Amino acid sequence: MMLKSKDLLGLKDMAAEEIEHILETAKTMKYILTTNNKKTPHLQGKSIVTLFYENSTRTRLSFELASKYMSASSANVSASSSSVSKGETLIDTAKTIDMMGTDVIILRHPMSGAPHLIAKNVEASVINAGDGMNEHPTQALLDMFTIYEKRGSLKGMKVAIIGDILHSRVARSNIWGMMKLGAEVSVAGPTTLMPVGIEKSGVKVFSTIQEALIDADVVMGLRIQLERQKKGLFPTAREYSKFFGLDNKRLKFAKKDALVLHPGPVNRGLELSTHVVDGDQSCINEQVTNGVAVRMAILYLLTRRNSGENIN
């Protein structure tokens with residue numbers, strides 16, 4: 001099975017079968033990561049470019065390492081050091097990269113829909129590495145892979161997502177992806193950080209963290225998107241932590257073996273206590289490793305769409 005589209009722009013319109021195929025392929029890629037020789041020829045002869053208009057550590061580095069581990073030629077373009085600073089448009093920048101023989105363009109952009117825009121204007125495959133407040137599909141895929149690897153399936157899993165749902169592209173992609181794979185998703189956070197009408201998507205909405213955590217199999221904390229917020233959405237960081245911070249006491253409302261996830265970076269003491277971050281139930285560090293494996297799988301599948309080759 002190959003992916004239907006030349007691009008990976010979001011999970012809202014991706015079929016459950018495609019998501020599952022990415023997760024299965026990521027299992028093979030993670031095996032490669034555990035070997036002493038992390039070098040495969042799967043992307044030999046392919047060219048990968050990361051085009052980031054926002055800062056990133058985990059997403060950008062994991063894509064770059066995924067490219068290198070699979071023998072691709074890779075390059076990075078930062079908006080601050082490119083012709084963007086001279087007034088070049090996004091489409092013109094993308095077309096320039098495309099005309100250099102690039103096979104995959106990985107875009108992070110502060111405007112929702114930016115990856116969709118350039119995907120229509122280039123021959124290269126486009127991967128959405130986060131667009132505004134819309135989606136972050138590769139983060140959601142690595143989150144789902146972490147659960148998939150630990151529990152074997154997402155079907156019937158109760159997932160509680162806590163925090164700044166309004167500004168979180170991670171939450172949106174996870175909600176769409178997890179529900180397609182049969183998970184039951186609950187969200188909790190301040191009413192000012194909850195999208196209007198989110199319950200129409202099928203999630204359960206709670207006003208307290210304790211209600212959302214009851215019998216949860218998975219608990220996901222979200223980073224407070226301070227850089228995207230206007231003032232006044234909650235009184236103080238201390239107030240937020242008091243009512244919505246996840247600590248060991250609150251974690252007891254979830255199942256004893258509940259997995260704790262967070263997309264990172266974590267604001268310790270705000271979204272999650274240090275004890276939770278470093279606790280036995282935390283999968284946060286493993287998510288980082290899984291991020292490389294999932295992005296290896298995505299790059300492999302997108303660049304093999306027309307070859308008929310299958311790694312599984």
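Residues numbered from 1 in each chain as written. Predicted model: local features only at pLDDT ≥ 70, side-chain atom pairs only at ≥ 80, totals over all residues. Heavy atoms only, no water.

## Points about the nonpolar core
Then, number 1: Ile 106, Leu 141, Met 144, Ile 161, Met 178, Met 296 and Leu 299 are the most contacted members of the largest nonpolar core, which totals 64 residues.
Then, number 2: Each of domain 1 (16-135 + 289-304) and domain 2 (137-288) accounts for three or more of the residues forming this core.
Then, number 3: When neighbours within four sequence positions are excluded, Met 178 is seen to be in contact with Met 144, Ile 147, Leu 154, Val 159, Ala 183, Val 185 and Met 220.
Then, number 4: Core analysis: the next-biggest nonpolar cluster, separate from the first, contains 23 residues, Ile 162, Ala 188, Leu 246 and Leu 251 among them. (Core = buried A, V, L, I, M, F, W, Y, C linked by side-chain atoms within 4.5 Å. Buried < 20%, exposed > 50% of the residue type's maximum accessible area, 1.4 Å probe, protein only. Domains from an automatic or database assignment. Contact = heavy atoms within 4.5 Å.)

## Thoughts on the sheet that holds strand 4 (residues 125-131)
Then, number 1: Strand order in the open sheet formed by four strands is 2-1-3-4, and the pairing between neighbours is parallel. Either end of the sheet is taken by a strand with one partner, and the two such strands are strand 2 (73-78) and strand 4. Each strand of the sheet is rotated relative to its neighbour by a mean of 15°, with strand direction disregarded.
Then, number 2: The sheet contact formed by strand 1 (residues 47-52) and strand 3 (residues 104-109) spans five bridges and is parallel. Pairing of Leu 51 across the sheet is with Leu 107, part of strand 3.
Then, number 3: Across the sheet, helix 2 (residues 58-69) touches strand 1, strand 2, strand 3 and strand 4, and the angle it forms with strand 1 is around 175°. (Pairing = 2+ DSSP bridges. Helix = DSSP H or I, 4+ residues; strand = E, 2+ residues; numbered from the N terminus. Axes fitted to C-alpha atoms, helices over the stretch in contact; angles between N-to-C directions.)

## What to know about the sheet that holds strand 7 (residues 204-206)
Then, number 1: Read across the open sheet, the five strands follow the order 7-6-5-8-9; overall the sheet is parallel. Across the chains shown, the open sheet's two edge strands, defined by having one partner strand only, are strand 7 and strand 9 (259-261). Along the sheet, successive strands turn relative to each other by an average axial angle of 20°, direction set aside.
Then, number 2: Two elements, strand 5 (residues 158-162) and strand 8 (residues 218-221), share four bridges in a ladder whose sense is parallel. For Ile 161, the partnering residue across the bridge sits in strand 8 and is Met 220.

## Here we look at the UniProt feature "binding site: carbamoyl phosphate" (unreviewed entry) in the protein
Then, number 1: UniProt records the feature "binding site: carbamoyl phosphate" (unreviewed entry) for Arg 58, Thr 59, Arg 108, His 136, Gln 139, Gly 264 and Pro 265 in the present numbering.
Then, number 2: Among the structural elements, Arg 58 can be located in helix 2.
Then, number 3: With sequence-adjacent residues up to four places away left out, Arg 58 is seen in contact with Pro 263, Gly 264, Pro 265 and Arg 295.
Then, number 4: Following the sequence through the fold, Arg 108 ends up in strand 3.
Then, number 5: We classify Arg 108 as buried; its relative accessible area is 7%.
Then, number 6: Every residue in contact with Arg 108, bar those within four places of it in the chain, is listed here: Leu 51, Phe 52, Tyr 53, Glu 54, Asn 55, Ser 56, Thr 59, Ala 129, Gly 130, His 136 and Arg 169. (UniProt positions renumbered as here; feature names shortened; annotations may be inferred.)

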